[in-house]
Amino acid sequence: MVFAELVQYVVTGLLVGGVYALMSIGLGLIFGVMRVVNFAQGDFMMLGMYVTYFYAVAGSIDPLVGALLAVPPFFVLGWIVHRLLLARVTGGDPGRQHDAQLILTLGLSLVITNATTMILTPTPRGIRTSYATQAFAVGPVLLNQARSYAFVMALVLAGLVYLFLTRTDLGRALRAAADDPEAASYQAIDVRTMHGLAFGVGIALVAAAGGLLATYYPIEPNVAGNFIVLMFVAVVLGGLGSIPGAFVGGILIGLVQSLTLLVLPFQLQNTGVFVAFLLVLYLRPQGLFGRRARTV
Amino acid sequence: MKRSLSRMLIVALALALVVPVLFMGQAPAADDVKIALVAPLSGRWARQGQLKKMGADMAIEEINGQGGIKALGGARIVLREADAGDSVEKAVSAAQRVLTREKISAGIGSWLSSFTLGVTEVAERLQVPWLSLSYADSITERGFKYTFQTSPVSSLQAEQALDLVTDLAKKNNRPIKKAGIVGDNTAASMFFYKPLREKLLAAKGIELVVDDVWTPPLADATAIVQKLRSTQPDIVFYGATNFPDSIQVLQKIKEFSVKSPIQGVGAWLVTPEYVKTVGKDTLDNIQTVVAAHPMKGQEELVKKFKQRTGEPFMTQDPLCTYAHVWLIKEAIEQAKSADPKAIRDALAKIDISSGPAVSAFYPPRVRFDERGRRIGATPLIVQWQDGEPYTVVPIAVATRPIAWHR
């Protein structure tokens, strides 16, 4: 194996992992704060791709900008979905609410996918950008431009979320509501509002990730199926409820997918991911960044 | 009083919504002939199902508009579609559902060979004749009596595609010495690669330098295209049936400036969305082997299809389904019955060489051997030129002359 080729595999893995990371942060945030396993997360990503597509088609807005413009409407959408649906099944008996949440988000996923198929038809669409088929050449190593831009923007968005959670009062309140909802409510933190905020931010992030993905990946109603399992693996790998964990988990999946090809045939590409996943859980059941109290 | 009034209003509204739905499935009269279409209408192959349905709808409209099935006193044909989804299990369950819910005279579907293998098992068990455009050899290698395959099988397509590209390359003074196989592991693709790997390439002294097959979806195409760049095969046999996978490969090929000619396998490579997503320049000269594509003389049909659907061109999927519905109609006329067994027997004996039931196929004659394969079925080569796919081989029915690669 030539060294340059190895570097190419690593770089490709990192670039692929960057977008996985952004997708996974939203899921990690929702789980971390609300303890909700959101099966519809991939479908909100798909909607983010479509919104970016329509921005590009109707408004000639570059998808990299479109991905950012998807954030406000999806935050509002997430907030509304929480208020109208999820808030009804959070709170109360933890055993029962868990089942209700699972069924609700799974149902939501089916409704979104099928409604999109009916309204927008199954015809795949794509945003043609010049940078999807161009690369930055660093010596012999090629960095796809679309993936590089998406990677940088994913890093920036993830950094902003991290700053929001650690440096702002609202972010601290959010973390308090995640750590101990009861104690948080004694501190005059409205846990229900915090849940709405977390869901809104989580949905906005995954929609932005969808927008970035749309710069090089075709858009179709069932695109979520290609990513949702990887998102869950990233979140669990990083440690359930840990935002940095979800980010690192996403990057790791991209890397493992790419490096697996050095030793295994293509058909076993995702086998590498799941072997790494099982290994991490065997050696560190709480995930890479998870706390001991919450093991899987 | 006010409360009971509002309750009554709610009940009336609910009834108004529910009652039409209850009666929706009962619209056709008792003597209508029901044909099942099992195709992916959701999931990653939904677009192909949508295209298939367009072809079936067009044929049914024509048949019913021309007075229906004459042997049955003008009986109308109605379509019963079932969603094969994105897995063999879902396809089988869809077939089971549609074939047991009511009396179905014959069926069509279900696009992906892996699905067709499952669906035809159900049809065989329930003794419903089934027409398929799928390519996999194994579909008609199981001794089934009710399965009819109108397409040339994958192994034959591989042989003919290889003959064609080696000839073309020789004529252009660029003989093929190295070949690559790149694609997914769905059944039709696998049956195409198999003879190439096992005997055909070696027989022509061609070395296989890249052989990368994946399970859809593909995470990233960099590693595959990097291999193509470093080995530079003289031809790449390409079978990425899943649209996002294929787009990733083609984008990467452009990014890495890989110049190897691409020979696809299947009609998935010639759908309109390719032009919109990767642009006509990337597609130019890419060719694919298909079971059917509009040929010289079918201009009127294509024009009608385009007007009806708004699609920019017609491809194998609507074309074959259109022909399949007409073929079932012909079989019913010959059987003078809508009974599935009688239709099966008529299909087994059928030999027609004119009309809409055969014009979509090459050569334009339909008769089946004892396995249910169309005798003499020959594949076509379709090539992207200026953002549209044209039939280029056989020359007798080509709509444009073939161009060799960049």
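Student: I'm lost on the sheet that holds strand β6 (residues 178-184) of chain B in this one. Help?
Tutor: The strands that make up a sheet pair up through hydrogen bonds in the backbone, lying either parallel or antiparallel. Residues and elements named next belong to chain B. On the basis of which strands lie adjacent, the open sheet formed by seven strands has the order β7-β6-β8-β9-β10-β11-β12 and mixed pairing. A single partner strand is all that each edge strand has here, and the edge strands are β7 (207-214) and β12 (388-393). Within this sheet the neighbouring strands show an average axis-to-axis angle of 25°, counted without direction. As paired strands, strand β11 (residues 380-385) and β12 are joined by five bridges and run antiparallel to one another. For W384, the partnering residue across the bridge sits in β12 and is P389.

Student: When you look at unusual backbone geometry in this model, what are you seeing that I'm missing?
Tutor: As a rule of thumb, non-glycine residues mostly have phi less than zero, and peptide bonds are mostly trans rather than cis. All names here are of chain B. The residue after Y362, namely P363, is reached through a cis peptide bond having omega -10°. Relative to the helices and strands, P363 is located in the loop between α13 (340-349) and β11. In this structure, P394 follows V393 across a cis peptide bond, with omega equal to 0°. Looking at the secondary structure, you find P394 in the segment after β12. Phi at S257 takes a positive value of approximately 50°, unusual for a residue other than glycine. A tally of 9 C-beta atoms within 10 Å means that S257 is categorised as exposed. With a phi angle near 55°, K336 is a residue other than glycine that sits in the positive phi range.

Student: How should the nonpolar core be read in this particular structure?
Tutor: A general feature of soluble globular proteins is that nonpolar side chains tend to end up buried together. Membership of the largest hydrophobic core comes to 231 residues, with the highest contact counts inside it found for L22, A154, A207 and A209 of chain A together with V38 and A95 of chain B. The element that contributes the greatest number of residues to this core is helix α1 (residues 3-34) of chain A, accounting for 16 residues. Those residues in contact with A154 of chain A, other than ones at most four positions away along the chain, are G18, V19, A21, L22, A209 and L212 of chain A.

Student: Just checking my understanding: could you explain the pairing of strand β2 (residues 77-83) of chain B for this structure?
Tutor: In summary, the side chains of a regular strand alternate between the two faces of the sheet. Residues and elements named next belong to chain B. The pairing of strand β1 (residues 33-39) with β2 spans seven bridges and is parallel. The residue of β2 that forms the bridge with L37 is E81. In terms of handedness, the path from β1 via helix α2 (residues 46-65) over to β2 forms a crossover that is right-handed.

Student: So what exactly am I meant to see when it comes to the sheet that holds β2 of chain B here?
Tutor: All names here are of chain B. With parallel pairing, five strands are arranged side by side in an open sheet as β2-β1-β3-β4-β5. The open sheet has two free edges, formed respectively by β2 and β5 (147-149), since each of these has just one partner strand. Here the strands of the sheet are splayed against their neighbours by 25° on average, with no regard to which way each runs. Judged from the three bridges that link them, strand β4 (residues 130-132) and β5 form a sheet pairing that is parallel. What sits directly across from W130, in β5, is T147.

Student: Where do I start with the domain arrangement of chain B in this structure?
Tutor: Quite often, the size of an interface is put as the accessible area lost when its parts meet. All names here are of chain B. Annotation of chain B at the domain level lists domain 1 (33-152 + 297-375) and domain 2 (155-290 + 381-397). Computed over C-alpha atoms only, the centres of domain 1 and domain 2 are separated by 28 Å. Counting from both sides, the interface comprises 19 residues of domain 1 and, opposite them, 18 residues of domain 2. Within the residue set of the side of domain 1 that touches domain 2, elements represented by two or more residues are α2, α4 (113-125) and α12 (316-335). With three residues, α4 is the largest single contributor of residues to the side of domain 1 that touches domain 2.

Cut-offs applied
Residues numbered from 1 in each chain as written. Chains lettered and ligands numbered in written order. Predicted model: local features only at pLDDT ≥ 70, side-chain atom pairs only at ≥ 80, totals over all residues. Pairing = 2+ DSSP bridges. Helix = DSSP H or I, 4+ residues; strand = E, 2+ residues; numbered from the N terminus. Axes fitted to C-alpha atoms, helices over the stretch in contact; angles between N-to-C directions. Buried ≥ 20, exposed ≤ 12 C-beta atoms within 10 Å, placed from the backbone. Core = buried A, V, L, I, M, F, W, Y, C linked by C-beta atoms within 7 Å. Contact = placed C-beta atoms within 7 Å. Right-handed = clockwise from strand over helix to strand, strands pointing away. Domains from an automatic or database assignment.

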